[in-house]
Amino acid sequence: MKRPDLLLRGTAAGGELRVLGADTTALVQEARDRHRLSHTATAALGRALTGAILLGQVVDKHPRSRLTLKISGDGPLGGLVAESSNDGSVRGYTRHPEAELPLRPSDGKLDVGRLVGRGDLTVTRLLSESEPYTSSTLLVSGEIAEDLAFFLTKSEQIPSALMLGVYLEGGRVLQAGGLLLQSLPGASQETLRAAEHHLSQLGSITSQLRQRSILEIMELACGDLNLAISGQALPLHFRCRCSLERATGALTYFGADELASMIAEGGQEVVCHWCNTHYQVSPESIQRLAQERVDGGQGRWTENGPKS
Ligand SMILES: [Zn+2]
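What you see is a predicted model, and the numbers here were worked out from it, not measured in a lab.

Rules behind the numbers
Residues numbered from 1 in each chain as written. Predicted model: local features only at pLDDT ≥ 70, side-chain atom pairs only at ≥ 80, totals over all residues. Pairing = 2+ DSSP bridges. Helix = DSSP H or I, 4+ residues; strand = E, 2+ residues; numbered from the N terminus. Core = buried A, V, L, I, M, F, W, Y, C linked by C-beta atoms within 7 Å. Buried ≥ 20, exposed ≤ 12 C-beta atoms within 10 Å, placed from the backbone. Domains from an automatic or database assignment. Contact = placed C-beta atoms within 7 Å. Nonpolar A, V, L, I, M, F, W, Y, C, P; charged D, E, K, R; others polar. Axes fitted to C-alpha atoms, helices over the stretch in contact; angles between N-to-C directions.

## Here's the deal with the sheet that holds strand S7 (residues 133–138)
Argument step 1. Here six strands make up an open sheet; going across it, the order is S7-S6-S3-S4-S5-S11 and the pairing mixed. The sheet is open, and its two borders are formed by S7 and strand S11 (237–238), each paired with just one other strand.
Argument step 2. Looking at chain direction, strand S4 (residues 80–85) and strand S5 (residues 89–94) are connected through five bridges and run antiparallel. When the sheet's bridge partners are listed, Leu80 is paired in S5 with Thr94.

Right, here's the structure in full:
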C-alpha cells in the first residue's frame, strides 16, 4: 500500500536534539511527472524539495512562513529552485529537466554532484513578521544533503546532520525522504557522539524507507536517546500557488501592441515555471486586461491621446 507523504517533528535526549523526518515519495514522483525530469534530475530536485521542507521547519512555525532554496551550479542541470511553506506545500523546478549523465563508475549511483556542478547555495527565509533573510555558501559537493548540512552548520551555526535520498526504478520513484538531526543549545558531547553513531549505522534513507516507516527510521536514528514526537504529522504535497488569474496577470508586463496581437491570435498560453501548468488565457481576458489598462490608474493615455 502507498504511504501518504508526511513530516514528523520531535526531540531526543531530553531536548538536546531536534529530529525531523519526511517521507516525500509521492511528491517527488509528482515533480518528476510535471517537469518530465530525467532520472538524475529527479534525484537532484527530489533531494532539494525534501531539504527545503526540512530546513523550512527549523525556525518559524507560522503556516505562512516560507523557505526558498536556490542552487546555482555550473553542471548540465543549470541550477534548481525549491520552495517550501510551513503548511506542508512544496514546489520547485530545474532549468534543464532533461539533463542526464551516466551513472557514477565508482559505485553505479546517480551522479547528482556532477549534474549540479560547482557553484553556490542560497537560502532565503521569509518569516511571518520580518523582512526576508538570505544567506549563501559555496556548494561542497553538489550532492545537496552535504551542501545543506554545511550551510546549517557554517552559516546558521547549528551543528546538523542531514540525510536525503531518492530511489528510482524503471522510471518510478520508489522511495524518497529525508532525516535532519540538529544539536540544540546545551547538547552534551556525549549525546552528539551517540547520535553520530546511530546515524552511521542507518545506511541510506531510501534503503531504510524500503523496510520501514519514517517514524521507525527516526526511532532507529535516535536509538537509546529516546525520540519524543511533538504534535501531529504534517501531510506534505507538491502544491503551487499559481492560478489562471495569476497567469493572466503576468500578461500586464506586455505592451498594448503585443496584447493586441495575442488577441488576434486567439489568446495566449502562459506556463508556470514552478509546476509546469499550461494556462490558456482567452482573447476576452486579454481584452479586459488591455481595457483595464486604458481605464485604470496608470492610464494616462486614452483613445483620444494623452490627458493633460
Ligand atoms: Zn504553478
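## Section: the nonpolar core
Argument step 1. Formed by 67 residues in total, the largest nonpolar core has its most connected members in Ala44, Ala48 and Leu49.
Argument step 2. Judged by nonpolar contacts, the second largest core, of five residues, contains Leu259, Met262, Val281 and Ile286.

## Some points on the domain arrangement of the chain
Argument step 1. Segmenting the chain into domains produces domain 1 (6–238) and domain 2 (244–306).
Argument step 2. On a C-alpha basis, the centres of domain 1 and domain 2 stand 39 Å from each other.
Argument step 3. Between domain 1 and domain 2, the residue contacts involve four residues of the former and four residues of the latter.
Argument step 4. Elements represented by at least two residues in the side of domain 1 that touches domain 2 include exactly helix H1 (25–35) and S5.
Argument step 5. In the side of domain 1 that touches domain 2, the residues fall into one nonpolar, one polar and two charged.

## Overview of the sheet that holds strand S10 (residues 228–235)
Strand pairing in a sheet is mediated by backbone hydrogen bonds. Such pairs are either parallel or antiparallel.
Argument step 1. The strand order S8-S9-S2-S1-S10 describes an open sheet built from five strands, whose pairing is antiparallel. Each edge of the open sheet carries a strand with a single partner, namely strand S8 (160–169) and S10. The mean inter-strand angle of the sheet, taken between neighbouring strand axes irrespective of direction, is 10 degrees.
Argument step 2. Pairing geometry for strand S1 (residues 6–12) and S10, over five bridges, is antiparallel. By the bridge assignment, Leu6 is partnered in S10 with Pro235.
Argument step 3. Relative to strand S9 (residues 172–183), H1 is tilted by about 125 degrees, and along the sheet it contacts strand S2 (17–23), S8 and S9.
Argument step 4. In this fold helix H7 (residues 214–222) packs onto S1, S2 and S9, with an angle of close to 150 degrees to the strand it touches most, S2.

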